[in-house]
Amino acid sequence: MKELKSASPPDAFTFCFKYYFLHITIYFISNIAKSNGFDPLIQLPSSGLSRNTYSSSSSPKTLVLNIDKFGAKGDGITDDSKILQDVWKVACFTSSPAEILIPSGNSYLVNPTSFGGPCQSNVTLRISGTIVAPRDPEVWDAFDVLKWLYFHGVNHLTVEGGGIINGMGQKWWDQSCKTNISNPCTHAPRAVTFHKCNSLKIRHITLVNSQQMHMAFTNCRHVAASHLRVIAPSHSPNTDGIHISESTHVQLKDATISTGDDCVSIVSNSSRISINNIICGPGHGISIGSLGKSNSSDKVHDIVVNGVTLFDTENGVRIKTWQGGSGYARKIVFENIQMHNVSNPIIIDQYYCDSPVPCPNQTSAVRIDSISFRNIKGTSATEEAITLSCSESHPCKRLYLKDIQLTSLSGTAKSFCWEAYGTSSGQVQPPSCLSSTGTISQQNIKSQSTSLQRDDHAFI
């Protein structure tokens, strides 16, 4: 009796109010989910919600959903896919901002999983622990082989937290035809794909050992990706770091990328892309393309690559197109770049042919126009430090070289040009081989780059 009397009325009232309010919150979220056609298969535990889920003001605070509280094991062995997907649906269908927490210290096995939108409010996926893929490629027999973690139709999504996404790609690489020509040439999954997503923030995430591409943006708008680490062995095939396709207004900055393929690749119908402060190596460099494969039409324009360090890469800054394609690559700037033991530091290749058999000669080509290379310095692993190999039917026009200083580690650095037209200024070493017809003035290139960078900062 003494214990009962010692509890003050305000304390008892506060306890009852909090208990009642918590259950009203759970009921509210569940009914929002049901009204959107989703009947939760998991129960929202009271311990899974943050203590201060909502403030007393009219603006709700973020609802925090810790997947451990919903039954995730985090032992790297038990399949946590269904729990993660169900928690995503709860977060996506609540009208308040929501955060899904992947706790640190644990490893969560996740099979191919789809995260669909649109969501009712902003969602944050906070990966503080590790998400791992299945080791065995046969798991994908029941799924879309191209997808592992697949986000689609999501707006206002943030992925952050300092955690790791591990694609467990070793068995995929072993069975690739690029590793062993006796193997059939088949597709492998992209580790993380964002498709038809808008207003994304991806930051402070490490991606390792992807089956194929580590992170892909397809048909996305307004993307800010920063402070990423991408790591895969140099022998791993097709393991692009960041792949951008059919997307616009994308900014990638402050990233370290070591892969077996392109550190960054920008393809098919992408525009207004800004790449800043990237360390790349090993890998295949920073690539526009490939474009025009299988007689396709591709358009890439308004790209700025600024402040990149490359070391021990197959290529430096590159534009690659297949014969037979159409469209264009234009208004592209590569500037303030350091090269260390890089094969093909500056390269335009309009005869690209990634095929086990020779590619047929074709007259049509993706047009290349208004490309500048400025303030690029360092060492080339080959004698041919500058290669500008353009189409005979559609020559490269308005190319511009300024302040290029590349020395060869294997002899005297050289330039090679074929149907490449433009001009140069400042000190260019090796000497420019550009033909003067179809030039573009230094002032036009400068103003073009400055304008693009200023706009890029405005839209993020």
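Residues numbered from 1 in each chain as written. Predicted model: local features only at pLDDT ≥ 70, side-chain atom pairs only at ≥ 80, totals over all residues. Heavy atoms only, no water.

Quick word on the state of the cysteines
A complete count under the given rule lists 6 disulfides for this structure. Linked covalently through their sulfurs, Cys-263 and Cys-280 form a disulfide whose S-S length is 2.1 Å. For the disulfide bridge between Cys-263 and Cys-280, the dihedral angle about the S-S bond is near 80°, and by the sign convention the bridge is right-handed. Taken together, the positions of Cys-263 in the loop between strand 16 (248–258) and strand 17 (264–267) and Cys-280 in strand 18 (residues 270–280) put the pair 17 residues apart, joining distant regions of the chain. Between Cys-417 and Cys-433 runs a disulfide, and the two sulfur atoms are separated by 2.0 Å. Between Cys-417 and Cys-433, the S-S torsion sits near 75°, and that sign places the bridge as right-handed. Note that Cys-417 is positioned in strand 27 (residues 414–418) and Cys-433 in the loop between strand 28 (420–429) and helix 5 (442–459), a separation of 16 residues in sequence. (Disulfide = S-S within 2.5 Å. Helix = DSSP H or I, 4+ residues; strand = E, 2+ residues; numbered from the N terminus.)

Side note on the packing of aromatic side chains
Overall, the coordinates contain 8 aromatic pairs when judged by the stated rule. When the ring of Trp-88 is compared with that of Phe-151, the centres are 5.9 Å apart and the planes differ by 75°; the resulting orientation is edge-to-face. Of the two residues, Trp-88 sits in helix 3 (residues 81–93) while Phe-151 sits in strand 8 (residues 147–152), which places them 63 residues apart along the sequence. Considered together, Trp-88 and Phe-151 belong to a single accessibility category, that of buried residues. Measuring from ring centre to ring centre gives 5.1 Å for Phe-151 and Phe-194, while their planes differ by 20°; the resulting arrangement is stacked. Taken together, the residues Phe-151 in strand 8 and Phe-194 in strand 11 (residues 190–195) connect sequence positions 43 residues apart. By the burial criterion, Phe-151 is buried, and Phe-194 matches it. Aromatic rings pair up to connect Trp-88, Phe-115, Phe-151, Phe-194 and Phe-217 into one cluster. Positioned above the aromatic ring of Tyr-328, the side-chain terminus of Arg-330 is 3.8 Å from the ring centre. (Phe/Tyr/Trp six-rings, centres within 6.5 Å; stacked < 30°, edge-to-face > 60°. Buried < 20%, exposed > 50% of the residue type's maximum accessible area, 1.4 Å probe, protein only. Lys NZ or Arg CZ within 6 Å of the ring centre and 35° of its normal.)

A few points about the sheet that holds strand 15 (residues 242–245)
One open sheet holds the 11 strands; their spatial order is 5-8-11-13-15-17-19-21-23-25-27, and the pairing between them is parallel. The open sheet is flanked by strand 5 (113–116) and strand 27, the only strands paired with a single partner. Across the sheet, the mean angle from the axis of one strand to that of its neighbour is 15°, orientation sign disregarded. By the bridge criterion, 5 bridges tie strand 25 (residues 384–389) to strand 27 in an arrangement that is parallel. The residue bridging Ile-386 from the neighbouring strand is Ser-415, located in strand 27. On top of the sheet, helix 3 reaches strand 5 and strand 8; it is set at about 0° to strand 5, its chief contact. (Pairing = 2+ DSSP bridges. Axes fitted to C-alpha atoms, helices over the stretch in contact; angles between N-to-C directions. Contact = heavy atoms within 4.5 Å.)

Considering the nonpolar core
In terms of nonpolar packing, the biggest core is built from 104 residues, with Phe-194, Phe-334 and Phe-373 touching the most fellow members. Sorting elements by how many residues they give to this core places helix 3 first, with 7 residues. Setting aside residues no more than four positions away along its own chain, Phe-334 makes contact with Ile-288, Val-305, Val-317, Arg-318, Ile-319, Ile-371, Ser-372, Phe-373, Arg-374 and Ile-376. (Core = buried A, V, L, I, M, F, W, Y, C linked by side-chain atoms within 4.5 Å.)

Description of helix 3
Helix length check: helix 3 (13 residues) gives 19 Å between terminal C-alpha atoms against 18 Å at 1.5 Å per residue, within 8%. Of all 13 residues that make up helix 3, 10 are buried, and the element is covered over most of its length. Turning to helix 3, its buried residues number three or more, namely Ser-81, Ile-83, Leu-84, Asp-86, Val-87, Trp-88, Val-90, Ala-91, Cys-92 and Phe-93. (Expected span 1.5 Å × (residues − 1).)

Let's talk about the pairing of strand 5
Burial of strand 5 is one-sided: the residues Thr-113 and Phe-115 facing one way are buried, the residues Ser-114 and Gly-116 facing the other way are not. Sheet analysis places strand 5 next to strand 8, joined by 4 bridges and oriented parallel. By the bridge assignment, Thr-113 is partnered in strand 8 with Leu-149.

Things to note about the UniProt feature "active site" (unreviewed entry) in the protein
In the UniProt entry, the feature "active site" (unreviewed entry) is given for His-284. Residue position: His-284 is located in the loop between strand 18 and strand 19 (286–291). Relative accessible area serves as the criterion here: at 18%, His-284 is assigned to the buried category. Residues contacting His-284, with those up to four places away along its chain left out, are Gly-260, Asp-261, Asp-262, Glu-314, Asn-315 and Arg-318. (UniProt positions renumbered as here; feature names shortened; annotations may be inferred.)

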